[in-house]
Structure formats: C-alpha cells, structure tokens
Amino acid sequence: ALAMVQDPRPSGSYYAKRFMSALGSPNVYTHGAACYESRESGIKQVIGANSWTSDVANAQMTIFIGRSYADGLRPSALMAMEKAHEAGSHIVLVDPRFTNSQKFADEWVPITPGTDLAFVLALCQVVTTEDLYDADYVAANSVGFDEFRESIAQYTPRWAAEKTGIDETTIKRLAHQMAQAAPACSIESGWRGPSGCQYKNSGELARAVACFNALLGVYNQKGGAFLYPSVSAGKLDEGKFPSPPKPQVAQVGSDEFPLAVDGSALAAVKAASEGSVKGFFFYNSNMVGGYSNPSYLAQVV
C-alpha cells in the first residue's frame, strides 16, 4: 500500500528499489510519466535500449524534433552542438517554436504541434520507396522490414505535408540529405517534448524515430547514435548488507500499462484515489507541483 516516485539519479536508481523492497512494496516509479516514459518505452520496443545519444559533435547532419539544447538541460550537449555548427554540420530544428538553439542551426522547420509522427513516417517512406536505406545493415539487424516498408508506403510526403504544414519538397529534401550523410547522422531522441509524453502518439513517434535511424544504419557509428551500456554502482557486501527479498506482488499499474519501462506513477495516484495505495514517498521529484493536472494530484496525494 506504499509507493515511491523519484527522479532516478544514481542514488535513486539503486537505493529506492532496495528501500521499498525492504518495506515489501514493488511500487517504485520515476518522474517519467511527466517527462520521458513514452519515449523510452517506445524506443525499447524497437531496439531493446531505452534511448541513444546522438554524436552531434561529429555528425554531418542532425535533426532535432521539439528539442532545444540551448534552452536546457546539459551544457555538454550545447557545447557539442556549437562544435558541430563550427565544423559545418547541417543542423535542422523541427519545432513549432523558434528556440535559442537556432543560433547554432542551419534551418528551422516549423511544424504543426502534435504532427511530428506524420513527418517521420514520411521520411521513412521516402528512404524505403526510393531505396535510400542501408540495405546491408537492415538485413543484418532487423526483423519485419518488408512488412514495415509495405505499411508505410501510404505515408507520402504529400500526405504528411497536409498534416504538418511542412511542404512535401522540404520533407523529400531532408530525407535525401539524411541518406547522403549516413551513417554520420541521426534524428536526436528528444526529451520531454513530442516524443516524451506530450501527445497521445508520443510513443509511436519514438518508435518511428528509432526505425528511421535504423534504416540509415547510424547506431554506434561515429557521428550517428550511440547506444551506451547501463552503469551499475556494484553490489554491497551481502554479509553486512543482505539484499531484502523482492516483493511477491505485482507493481500497481503493471496490468494497465504493461509496456511502460518504469511503470506509471499516475496509476499509483489512481489507486490512491480508490484507497488501495495509502502512502507516498517522493525523492527528487515534486509530483504535485510539477506534473500535469496538479489540482487533482493535490487532492489525492
């Protein structure tokens, strides 16, 4: 009947689960429901990893969808964009907003909010129907490519132009430019924006972006998209600090959201409103103050 919602910094990633296991509860959640849950869950379904890091500094071309390095979060990412800009890399910002990252970009492509999936599907359609994809890479690393190509044949640049507000010539050009730059290119994975959790189709957008990068064979290539292994803090001395037994009950929300990488903290809130979850811990995460629908959260939590 207890739940924890935390921002999984190294301490939270390890000790939060250990602490809650000691209390007999499997209900450990992250702030992902308000940030990245759709992105990481969608990407993991496609490539088995939660995300990738675009090698922007060494890329010939990078497309950013709803993400602005210059408006936060990591100084090192902005430095990589600056380095790429100075080296002549082609940087494209697909975003309804004219952000501060424009200083380091070559072009801004305004898009109708919520239609990013249509844009990426059209990019996939161009590179598959015109045989611009990396056939050897796809043959060696994918399952179901023929079905994928057949299913996206309908998503033409003209179709996408009507939904996105981006003219079909621009969509075709960007697809061709990315294919020419491959494998030293990628669509950056995004953050809280359109692929993170903002729209009902955010998970599908994340899946489509992962597929597009795979079509060009950019994973683990210089200038492409790196898949880093997870890092562990190591094990404690079991003699001094024996591991608590894992709870034998399922996490609240696991049946309702089976594909969610970190589970759904909002499912725990719903359970609290119904009386089955009776207490919350918050660590590095202000759920009531920072998540959507704060009046409802304040009433329940």
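Since the model is a prediction, treat every value here as computed from it, not as a measurement. All residue numbers refer to positions counted from 1 along the written sequence of the respective chain. In keeping with the model being predicted, local features are shown solely for residues with a pLDDT of at least 70 and side-chain atom pairs are shown and tallied solely at 80 or more, while totals for entire chains, interfaces and linings include all residues. Only heavy atoms go into the side-chain values, all of them from the structure, while hydrogens and water stay out.

1. Here's the deal with empty space enclosed by the protein
Each cavity reported here is a set of points on a 1 Å grid over the protein atoms alone in which a 1.4 Å probe fits but cannot get out, each pocket an open set with protein on both sides within 12 Å along at least five of seven lines, and each lining residue one with an atom within 4 Å of a point. Grid points are joined across faces, edges and corners, and a volume is the space filled by probe spheres set on the points. The final tally for this structure, using the stated rule, is one cavity of 30 Å³ or more. Roughly 60 Å³ of internal volume is contained in the largest cavity. As for the largest cavity, its lining consists of Ile-43, Trp-52, Ile-65, Glu-188, Ser-189, Gly-190, Pro-194, Ser-195, Leu-205, Ala-206 and Val-209. Strands here mean DSSP runs of E at least two residues long; helices mean DSSP runs of H or I at least four residues long; both are numbered from the N terminus. Looking at the lining of the largest cavity, the elements that each hand over two or more residues are helix H9 (193–197) and helix H10 (202–215).

2. Re helix H3 (residues 75–86)
With 12 residues, H3 extends 17 Å between its outermost C-alpha atoms, agreeing within 8% with the 16 Å of an ideal straight helix rising 1.5 Å per residue. Of all the residues in H3, the buried ones are Ala-77, Ala-80, Met-81 and Ala-84. Looking straight down H3, one finds its buried side chains confined to an arc of 100°; they lie on one side. Away from its buried face by more than 90 degrees, H3 exposes Pro-75, Ser-76, Met-79 and Glu-86. Whether two residues are in contact is decided by their heavy atoms, any of which lying within 4.5 Å being enough. Those residues of H3 hidden inside the fold are in contact with strand E4 (61–65) and strand E5 (90–94). Taken from the residues just after H3, Gly-88 is the one with a positive phi, measuring 90°. Here the expected length of a helix is defined as 1.5 Å per residue gap, with one fewer gap than residues. For every residue, the accessible area obtained with a 1.4 Å probe (protein chains only) is divided by the maximum for its type, and the residue is called buried under 20%, exposed over 50%, and partly exposed between those limits. The directions from the helix axis to the C-beta atoms are what the arc is built from.

3. What about the packing of helix H4 (residues 116–129) against helix H7 (residues 157–164)?
Packed helices, taken two at a time, are described by the angle between their axes plus the distance between the axes. At their nearest, the axes of H4 and H7 sit 9 Å apart, and the two run at 165° to each other. Between H4 and H7, the angle falls in the class roughly antiparallel. Pair H4 / H7 crosses with left-handed handedness. Of the residues in H7, those touching H4 at Ala-118, Phe-119, Leu-121, Ala-122, Gln-125 and Val-126 are Pro-157, Trp-159, Ala-160, Lys-163 and Thr-164. Throughout, an axis means a line fitted to C-alpha atoms (over the contacting stretch in the case of helices), and angles, computed between N-to-C directions, take values from 0 to 180 degrees. Note on angle classes: values under 35 degrees are labelled roughly parallel, values over 145 roughly antiparallel, values of 65 to 115 roughly perpendicular, and the remainder oblique. Crossing handedness: left-handed means the near helix sits turned counterclockwise from the far one by under a right angle, and right-handed means the same turn made clockwise.

By themselves these figures say nothing about function.
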